[in-house]
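# What the coordinates show
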Amino acid sequence: MKVIEYPFSDLLRRPKAVTREVEQGDVLLRRRDEPDLRLTRADREAERAATFAALGKALRNIAVHNPAALDSALRDAFAWLEFLPDRDRKHFVEEFSRAIAAAVELDSYVPLTQLVREWRASAEIHADPRLARRLKQPLKANGKRV
């Protein structure tokens, strides 16, 4: 689908011209010092949500019935999984499949993004043996033991 870009100020100056473009595709409104906005038709967004829901359910189904296939697919999607130990990678696959199903149900992908970010950070640690050794050492600090 075509994405048409405009500065946000064009929407304020020429709202009819900018919103007319939504028939051709989504409109990306660029803003200075703020995240950009996307203008789309409600039916198009509903189709996206239904597609994400189906994909989320399919991935969860694969995780339950054929975890090796999902493991392989996620290795292709996230090359950094190679650095995780087998046990951690299996744990990631399970968590990912549950998180994507929950994210679709809530229509909130922030927890899924956070999950991927945290596991990627773990993979970075495993990829650098010196960093992994440093992080395994006890912390030297004043105060009570935690």
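Note: the structure precedes this text.
What you see is a predicted model, and the numbers here were worked out from it, not measured in a lab.

### What to know about the sheet that holds strand S1 (residues 2-7)
Read from one edge of the open sheet, three strands run S1-S2-S3, paired in mixed fashion. The open sheet terminates on both sides in strands that have one partner only, identified here as S1 and strand S3 (37-39). Ignoring strand direction, the axes of neighbouring strands in this sheet form an average angle of 30°.

### Concerning the packing of aromatic side chains
For the structure shown, the criterion picks out seven aromatic pairs. Taking 5.8 Å as the distance between ring centres and 70° as the angle between the ring planes, the aromatic pair formed by Phe 78 and Phe 96 counts as edge-to-face. Of the two residues, Phe 78 sits in the loop between helix H4 (67-77) and helix H5 (86-106) while Phe 96 sits in helix H5, which places them 18 residues apart along the sequence. Its relative accessible area of 17% is what places Phe 78 among the buried residues. In this structure an aromatic cluster arises from ring pairing among Phe 78, Trp 80, Phe 92, Phe 96 and Trp 119.

Here is what the cut-offs are and how they apply
- Residues numbered from 1 in each chain as written.
- Predicted model: local features only at pLDDT ≥ 70, side-chain atom pairs only at ≥ 80, totals over all residues.
- Heavy atoms only, no water.
- Pairing = 2+ DSSP bridges.
- Helix = DSSP H or I, 4+ residues; strand = E, 2+ residues; numbered from the N terminus.
- Axes fitted to C-alpha atoms, helices over the stretch in contact; angles between N-to-C directions.
- Phe/Tyr/Trp six-rings, centres within 6.5 Å; stacked < 30°, edge-to-face > 60°.
- Buried < 20%, exposed > 50% of the residue type's maximum accessible area, 1.4 Å probe, protein only.

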